[in-house]
Amino acid sequence: MMKLNEIEEVKKLIKNGFNLELISFELDIPIEEIKQCKLELETMKQPNSTRTYSAKEIIDSENKQAHSKMQQMKERYRKLYFTSNKIEVKQPKELPRQKVEQINLVIAEIEEIVESIKELPKKERRKEVNAILSKLKQIEEYQLTIEQAEKLHYILQSEELKKLNSSITDKIDFYMNRSRKIVIKKLAEAIDIAQAQSDELEELKGLERKLTMGMQQNNQIVVGAVKSRIGNKISKIIQQKAIDRIRNDVPEDIEFIIREIANGTLNIQIANKIIDKEAKKRVQKKPKTRFSLTEEQEKRQILIQIRTVLIEKSEQYHIDNPEKTILQIQELCDGELEQAIRTVVKNLTNVKDFERAKEVCNKFSSKDNESSLSAYIRKLRKQIRNEEISDIVLKGLNMNGTEREERTYFELIEKGIKMGNIKLGAVSLGKSQDGLRNITLADIWVDENQKEKSR
């Protein structure tokens with residue numbers, strides 16, 4: 001039992017923010033007594049009011065606090081996981097059939113007017129253009145379909161509707177240009193609605209082609225924004241297709257190489273012959289364009305495919321002998337040691353084999369702390385720590401344990417964050433259910449002070 005002067009010293013250290021376990025270790029005082037001092041400080045209302053808490057009361061209190069924090073984390077995670085982050089797709093207003101027919105009729109009337117004025121002198125054409133402007137006003141407030149807007153845009157580009165000003169102060173050309181801008185905006189909006197509703201690559205490319213350079217020059221902000229959105233969507237789809245192809249379209253011979261690497265039994269000469277043969281086959285199979293890959297480029301693609309499959313299908317191709325596999329990948333990939341180490345470490349961490357992943361880092365760590373390999377190993381170690389904490393957090397979030405069990409998990413997480421000097425935002429907890437949001441420990445952590453420290 002602590003003496004009075006020891007109690008005062010411990011309380012002073014607690015007030016100054018020292019870690020309870022550190023105080024216990026340094027002063028050789030049981031942790032329960034240190035925690036009792038902390039509870040007395042938290043509940044003390046007057047300087048001389050003290051109360052002695054039993055070890056059971058202290059443990060029960062801490063179990064409840066940790067349980068409460070775990071419950072808050074679970075609730076935050078649940079909300080983020082199930083909340084949809086999909087951008088609401090703009091839906092065109094459903095116009096009554098009568099209104100759609102009215103818009104089509106107005107467009108047809110404008111087309112007839114333009115056809116009828118081709119041979120008229122400028123003065124006569126001006127009168128008819130005023131009638132066109134009046135008709136355009138009738139449909140200005142409605143969302144047009146792509147077909148309607150395209151047809152109207154084409155009609156308004158007619159030479160008969162240009163250069164009609166009769167004097168410097170005349171504004172008929174200004175009003176016509178304003179109408180063209182409005183139609184271009186409506187066409188861009190209709191294309192934007194269509195692209196938001198589509199994930200078909202060819203359809204998106206077709207929509208992108210509809211946004212011509214002339215349209216962009218006429219209405220740079222609106223057209224440019226829609227074109228950019230379509231371009232980004234096309235790039236993401238192409239990128240995802242390329243990733244899926246690398247991950248899933250694995251020829252039988254290349255799959256043999258992957259299996260042999262994972263087993264640590266690869267014959268490099270046989271593997272190189274297989275890769276050369278596959279690279280030639282891919283070059284011959286693909287159409288010849290200025291974007292076609294050479295055999296050497298195809299070989300590099302195959303090597304990327306091998307490393308990607310080893311990482312992403314780690315349960316299917318679990319590595320038995322990490323050191324041997326690293327040396328085989330290095331030899332196969334012409335000396336790329338860092339990539340070989342990364343491939344093996346990711347394979348191990350993906351199946352939660354964190355201890356062997358750490359052993360790999362220790363084995364290949366350079367004595368030269370300033371070397372690029374040492375810097376890379378330090379980065380990998382940090383990633384392993386992050387994934388290890390992520391695994392503990394996810395187990396805690398998915399468990400339905402007692403207060404004591406949840407306290408154990410919470411303390412494990414806290415200890416891991418403090419000891420590893422971990423940034424909460426670097427600990428990934430996967431994606432939301434719709435796949436659109438990455439969830440990190442920073443999103444659900446309940447200790448705001450710790451959040452600030454780990455940023």
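Note that the structure is predicted; figures quoted are calculated from it, not measured.

Undergrad: Would you take a moment to explain the overall build of the chain for this structure?
TA: Secondary structure summary: the chain contains 21 helices and 2 strands in total. For 455 residues, the compact-globule estimate of 2.2 N^0.38 gives 23 Å, and the C-alpha radius of gyration of the chain, at 34 Å, exceeds that figure by more than 25%. Oriented by its inertia axes, the alpha-carbon framework of the chain measures out at about 110 × 75 × 40 Å. The burial tally for the chain puts 38% of its 455 residues in the buried class. Of the side-chain charges in the chain, 85 are positive and 76 negative, and the distance between the mean point of each set is 4 Å.

Undergrad: Explanation requested: the packing of aromatic side chains in the structure shown.
TA: Aromatic ring pairs are reported here in terms of the distance separating the ring centres and the angle at which the planes meet. As enumerated under the stated definition, the model contains 4 aromatic pairs in all. Ring centres 5.4 Å apart and planes at 65 degrees place the aromatic pair F174 and Y175 in the edge-to-face group. On the basis of relative accessibility, which here comes to 42%, the residue Y175 falls in the partly exposed class. In this structure an aromatic cluster arises from ring pairing among Y77, Y81 and F82.

Undergrad: Even after reading the chapter, I still don't get the side chain of R180, so can you show me in this structure?
TA: On the secondary structure map, R180 appears in helix 8 (residues 172-196). When neighbours within four sequence positions are excluded, R180 is seen to be in contact with L156, Q157, L161 and K162.

Undergrad: What should I look at first to understand the nonpolar core in this one?
TA: Grouped burial of nonpolar side chains is what soluble globular proteins tend to show. Residues I110, I132, L152, L161, I191, L211 and I230 are the most contacted members of the largest nonpolar core, which totals 40 residues. At the level of secondary structure, the elements contributing two or more residues to this core comprise helix 5 (97-116), helix 6 (122-139), helix 7 (146-156), helix 8, helix 9 (201-210) and helix 11 (220-248). The element that contributes the greatest number of residues to this core is helix 8, accounting for 9 residues. The contact partners of I191, leaving out residues within four places of it in the chain, are I146, L207, K210, L211, V226 and I230. Counting 38 residues, the second largest nonpolar core, distinct from the first, contains V309, V344, F354 and C361.

Undergrad: Just checking my understanding: could you explain the confidence of the model for the chain for this structure?
TA: Residues shown with low pLDDT carry predicted positions that ought not to be read at fine detail. Scored by pLDDT, the chain has a mean of 85; 91% of the residues are at 70 or more. The weakest mean pLDDT in the chain belongs to helix 21 (residues 448-453) at 53; the strongest belongs to helix 9 at 95. Confidence drops under a pLDDT of 50 for residues 45-49, and excluding neighbours within four residues, the segment shows 1 contact in the predicted structure.

Undergrad: What exactly am I supposed to notice about helix 15 (residues 322-332) here?
TA: Residue pairs spaced three or four apart in an α-helix point in one direction, given the helix's 3.6 residues per turn. Of all the positions in helix 15, only P322, T325, I326, Q328, I329 and L332 are classed as buried. Relative to the axis of helix 15, the buried residues are bounded by an arc of 165 degrees and lie together on one face. Next to the buried residues of helix 15 lie helix 12 (252-263), helix 13 (268-285), helix 14 (295-312), helix 16 (337-350) and helix 17 (354-364).

Undergrad: Sorry if this is basic, but what is going on with the environment of M419 here?
TA: Structurally, M419 can be placed in helix 19 (residues 403-420). Of the residues examined, M419 reaches a relative accessible area of 67% and is grouped as exposed. Measuring from C-alpha to C-alpha, the distance between M419 and R76 comes to 25 Å, with 343 residues separating the pair along the chain.

Undergrad: Explanation requested: the side chain of R282 in the structure shown.
TA: Structurally, the position occupied by R282 is in helix 13. R282 sits in the buried class, given a relative accessible area of 16%. Among the polar contacts listed, one links the side chain of R282 to the side chain of E278, at a separation of 2.8 Å. In contact with R282, other than residues within four places in its own chain, are P251, E298, I302 and Q305.

Undergrad: Help me out: how do you make sense of the pattern of salt bridges in this one?
TA: Charged atoms that come close allow side chains of opposite charge to pair. Inspection of the entire model under this criterion finds 31 salt bridges. Taking the shortest distance from any N to any O, the salt bridge between K210 and E150 comes out at 3.1 Å. Here K210 is found in helix 9, whereas its partner E150 is found in helix 7, with 60 residues between them in sequence. The partly exposed category is assigned to K210, whose relative accessible area is 29%. Overall, E150 belongs to the partly exposed group, its relative accessible area being 29%. Here E411 ties to R407 by a salt bridge, and the two come within 2.8 Å at their closest N and O atoms. Of this pair, E411 and R407 both sit in helix 19, 4 residues apart, which is roughly one turn of the helix. The exposure class assigned to R407 is buried, which follows from its relative accessible area of 12%.

Undergrad: Would you take a moment to explain the state of the cysteines for this structure?
TA: Cysteine pairs can be linked by a disulfide, which is a covalent bond between their two sulfur atoms. Applying the stated criterion to the full structure yields 0 disulfides. Left without a disulfide partner, C361 is nearest to the cysteine sulfur of C333, which lies 18 Å away.

Undergrad: When you look at the pairing of strand 1 (residues 428-431) in this model, what are you seeing that I'm missing?
TA: Looking along a regular strand, one sees side chains alternate from face to face of the sheet. Where strand 1 meets strand 2 (residues 438-440), 2 bridges bridge the pair, whose relative direction is antiparallel. Residue pairing for strand 2: K431 is matched across the bridge by N438. Where strand 1 hands over to strand 2, the hairpin turn is made up of 6 residues, of which G435 adopts a positive phi near 75 degrees.

Undergrad: Just to check I follow, could you spell out the environment of E32 for this structure?
TA: Within the fold, E32 resides in helix 3 (residues 31-43). For the pair E32 and L20, spaced 12 residues apart in the sequence, the C-alpha separation amounts to 9.7 Å.

So, how was this worked out
- Residues numbered from 1 in each chain as written.
- Predicted model: local features only at pLDDT ≥ 70, side-chain atom pairs only at ≥ 80, totals over all residues.
- Heavy atoms only, no water.
- Helix = DSSP H or I, 4+ residues; strand = E, 2+ residues; numbered from the N terminus.
- Rg over C-alpha atoms; globule rule 2.2 N^0.38 Å.
- Buried < 20%, exposed > 50% of the residue type's maximum accessible area, 1.4 Å probe, protein only.
- Lys, Arg positive; Asp, Glu negative; His and termini not counted.
- Charge placed at Lys NZ, Arg CZ, Asp CG, Glu CD.
- Phe/Tyr/Trp six-rings, centres within 6.5 Å; stacked < 30°, edge-to-face > 60°.
- Contact = heavy atoms within 4.5 Å.
- Core = buried A, V, L, I, M, F, W, Y, C linked by side-chain atoms within 4.5 Å.
- pLDDT = per-residue confidence, 0-100.
- Arc of directions from axis to C-beta.
- Polar contact = N/O pair within 3.5 Å; in protein donor to acceptor, adjacent residues only side chain to side chain.
- Salt bridge = Lys/Arg side-chain N within 4 Å of Asp/Glu carboxyl O.
- Disulfide = S-S within 2.5 Å.
- Pairing = 2+ DSSP bridges.

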